[in-house]
Amino acid sequence: MSAPSNLPVWQALQAHYAEVAQLHLRELFAADPDRFTRFSRYFGDLLVDFSKHRITDDTLPLLIELARQAQLPEWIDRAFNGEMINHTEQRSVLHIALRNRSNRPIQVKGQEVMPEVNAVLEHMRKFADQIRRGKWRGHTGKRIRDVVNIGIGGSDLGPKMVCQALEPFGDPTLRMHFVSNVDGAHISYVLAECDPESTLFIIASKTFTTQETMTNAHTARAWLVKELGDEAAVARHFVAVSTNAAGVSQFGIDTANMFEFWDWVGGRYSLWSAIGLPIVVYLGMDHFIELLDGAHAMDEHFRTAPLEENLPAILGLLGVWYIDFFGAASQVTLVYDDYLRSLPDYLQQLDMESNGKSIDRAGQAVKVNTGPILWGGLGNNGQHAFYQLLHQGTHLVPSDFLAPAHSPNPIGDHHAILLANALAQAEALMVGKTEAQARAELEKQGLSGEALEKLLPYKVFPGNRPSTSLFYRRLTPQVLGSLLAMYEHKVFVQGVVWNINSFDQWGVELGKQLANAILPELKGERPAGEHDASTLGLIAFCQAPD
Ligand code: F6P
């Protein structure tokens, strides 16, 4: 495939952009009472409203033509058929197989994968049931009460986010902890909360070589052995999730207590695999299956729906519209659902590690902008912190608003206030406040003359700031599964348009290599090597006596 900017439709999109850039969403809404109906879709209990985007009736057909010219339908087939679309690592990309609830046959290198997938799910179910029913006991016979997942990146962010998101479905007798940071502070404060006799450690690492995870795992192991005074205790308190059986057994975990996954599951796409073990332990297998069901429904939609109706395709293309035509470098996730507080971190890895690339599938430098700088947080808190920039700053930052129509915590007016704020912010970003409106308001407050004119420019909101509203009835496992799969496929759609491989992550390697070189120098085991003056100066500062 050629570079996206060489596709015939690209120029048409540029010309269309020049027209749309002149339009204000306020006017587009005023001119079309059906805009919401035409530019929103339901997916089960999920409502996706993209009417507050800077699009006209001509925009989506052009963007969909871009997807066609980029061969999106063919790429979807390749992905779902297990072809090695991760060409730089020679791997298939089959997280969809992990939630293939219809058991449609899927092969990798001529081998059916579903029997293995189902066998690992069964292993997870048995183990989680034993923990939840108190059948699996610690070394001294105590029931497991604290579960500590030790992992980083995809081996942390997904399971942590889902356990938080679905807390109302969780087992209240279990306390879930997630240790990721190699900063000793993290493991220290988690261990301080745990009783060694009733703590289970899940060491989650696809490679089982990740420095941060292995360091934390060894610290946890040493703590447990010291506290319980017996090496044999490790067998009842440590299990592993990995693709590396040799590494697991070298660490001292019986491979019978290892939950396997495969190289065709990318780290940031792995929460559906055995990496989801903490989710299964906390929520029970039935809820995990509902999560997989929700994702599978979205997979089937993505695989079969025409592009015009295809939610991940529409959302992915809207992202491309802003990044490549409006020059919007950043996008923000605004979560009006406290249970989803870790979603922005999760999406950040999903999107930025997938599409933060500048070399295309042909090995050439890409000529257009690729993945956005994705950030975000709790919307209501953000209103009192960073929204100023969203409303009146110089950057155009398209936003995603997420909110549940109903709360599992119906306390007083809390939820109505939360929703009112979500709705108001999306509206405010879109409509803004004109100079005439601001003037009228100031006059009403009794201002006039020079005082009014001086204050007036600060009171104007340009508006025309686009957003998608992703509202759902309630945050159930099914809804969450669909939502996450939708984001995964959206990222894939964008990778296809940009002709990049969304499934490798070579950009994380250099820092790891240099850290390995600096570590012995920092510890004084080797003299500081060849570094720039800044790095040498910083090493010297760290080595100076305390
Ligand atoms: O360094 C990046 C990365 O490889 C991510 O892609 C991955 O999710 C994370 O590290 C953890 O890797 P592992 O599961 O192998 O420990």
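Structural data are supplied above this passage.
Residues numbered from 1 in each chain as written. Predicted model: local features only at pLDDT ≥ 70, side-chain atom pairs only at ≥ 80, totals over all residues. Heavy atoms only, no water.

Notes on the packing of aromatic side chains
In this description, an aromatic ring pair is defined by two values, namely the gap between the centres and the angle between the planes. Inspection of every chain in the model, using the stated rule, returns 21 aromatic pairs. Summarising the aromatic geometry, the rings of Y17 and W321 are spaced 6.3 Å apart at their centres and angled 80° between planes, so their arrangement reads as edge-to-face. Of this pair, Y17 sits in helix α1 (residues 8–20) while W321 sits in helix α15 (residues 311–325), and the two are 304 residues apart along the sequence. A residue is classified by how much of its surface remains accessible, and W321, at 0% relative accessible area, is buried. Within the aromatic cluster, the residues linked to one another by ring pairs are W10, Y17, W321, Y322, F325 and F326. In this arrangement the basic side chain of R38 is found over the ring face of F39, its NZ or CZ atom lying 4.9 Å from the centre. Note that R78 overlies the ring of W75, its terminal NZ or CZ placed 4.4 Å from the centroid. (Phe/Tyr/Trp six-rings, centres within 6.5 Å; stacked < 30°, edge-to-face > 60°. Helix = DSSP H or I, 4+ residues; strand = E, 2+ residues; numbered from the N terminus. Buried < 20%, exposed > 50% of the residue type's maximum accessible area, 1.4 Å probe, protein only. Lys NZ or Arg CZ within 6 Å of the ring centre and 35° of its normal.)

What about the environment of G247?
Inspection of the secondary structure assignment puts G247 in helix α12 (residues 245–251). Residue classification places G247 among the buried positions, given a relative accessible area of 14%.

A few points about the site of the ligand
Close contacts around the ligand come from 14 residues, with S155, S205, K206, T207 and T210 the closest. Contact between the ligand and K206: an oxygen atom at 2.7 Å from a main-chain N or O atom of the residue. A distance of 2.8 Å separates an oxygen atom of the ligand from a polar side-chain atom of E353. Of the residues in the shell around the ligand, the class split is two nonpolar, nine polar and three charged. (Near = heavy atom within 4 Å. Polar contact = N/O pair within 3.5 Å; in protein donor to acceptor, adjacent residues only side chain to side chain. Nonpolar A, V, L, I, M, F, W, Y, C, P; charged D, E, K, R; others polar.)

Some words on the sheet that holds strand β7 (residues 199–204)
If you trace the five strands from one edge of the open sheet to the other, you get β6-β5-β7-β8-β9, paired in parallel fashion. Strands with a single pairing partner mark the edges of an open sheet, and in this sheet they are β6 (175–179) and β9 (258–260). Geometrically, the sheet is characterised by an average inter-axis angle of 20° between neighbouring strands, direction not taken into account. Looking at chain direction, strand β5 (residues 146–150) and β7 are connected through five bridges and run parallel. Residue pairing in the sheet places I150 in a bridge with I203 of β7. Sheet strands touched by helix α9 (residues 184–193): β5, β6 and β7. Its angle to β6, the strand with the most contacts, is close to 165°. Contacting β5, β6, β7 and β8 (238–242), helix α10 (residues 211–228) runs over the sheet at an angle of about 155° to β7. (Pairing = 2+ DSSP bridges. Axes fitted to C-alpha atoms, helices over the stretch in contact; angles between N-to-C directions. Contact = heavy atoms within 4.5 Å.)

A few points about unusual backbone geometry
Phi angles above zero are rare outside glycine, and Q90 is one such case at about 55°. Checked against the element boundaries, Q90 lands in the loop between α5 (72–80) and α6 (95–98). Look at Q90 and you get exposed, because its relative accessible area is 52%. Of note, N103 is a non-glycine position whose phi angle comes to about 60°, a positive value. As for its placement among the helices and strands, N103 is situated in the loop between α6 and β3 (107–108).

Remarks on the side chain of N310
On the secondary structure map, N310 appears in the loop between α14 (285–304) and α15. At 3.2 Å, the side chain of N310 forms a polar contact with the backbone oxygen of A305.

Concerning the pairing of strand β11 (residues 373–378)
Bridge analysis of strand β10 (residues 330–335) against β11 gives six bridges, and the strand direction is parallel. Of the residues in β11, the one forming a bridge with Q331 is L374. After leaving β10, the chain enters helix α16 (residues 343–355) and then returns to the sheet as β11, a path that is right-handed. (Right-handed = clockwise from strand over helix to strand, strands pointing away.)

Quick word on the state of the cysteines
Under the defined criterion, the tally for this structure stands at zero disulfides. Unpaired in terms of disulfides, C163 finds its nearest cysteine sulfur in C194, a separation of 15 Å. (Disulfide = S-S within 2.5 Å.)

A look at the packing of α14 against helix α22 (residues 477–498)
Describing two packed helices takes the angle between their axes plus the distance from one axis to the other. Remark: α14 packs on α22, axes separated minimally by 7 Å, with the N-to-C direction vectors making an angle of 40°. When the interaxial angle is binned, α14 and α22 end up oblique. For the crossing formed where α14 meets α22, the hand is right-handed. Residue-level inspection shows H287, E290, L291, D293, G294, A295, M298, D299 and F302 of α14 in contact with α22, the latter providing P477, Q478, L480, G481, S482, A485, M486, H489, F492 and V493. (Parallel < 35°, antiparallel > 145°, perpendicular 65-115°, else oblique. Left-handed = near helix turned anticlockwise from the far one by under 90°.)

A short note on α1
Compared with an ideal rise of 1.5 Å per residue, which puts 13 residues at 18 Å, α1 spans 19 Å between its outermost C-alpha atoms and is within 8% of the ideal. The set of residues buried in α1 consists of V9, W10, L13, H16 and V20. On an axial view of α1, the arc spanned by its buried residues comes to 125°, and they lie on one face. Of the exposed residues in α1, the ones pointing more than 90 degrees away from its buried face are P8, Q11 and E19. In this structure, the buried side of α1 is in contact with α4 (59–69) and α15. (Expected span 1.5 Å × (residues − 1). Arc of directions from axis to C-beta.)

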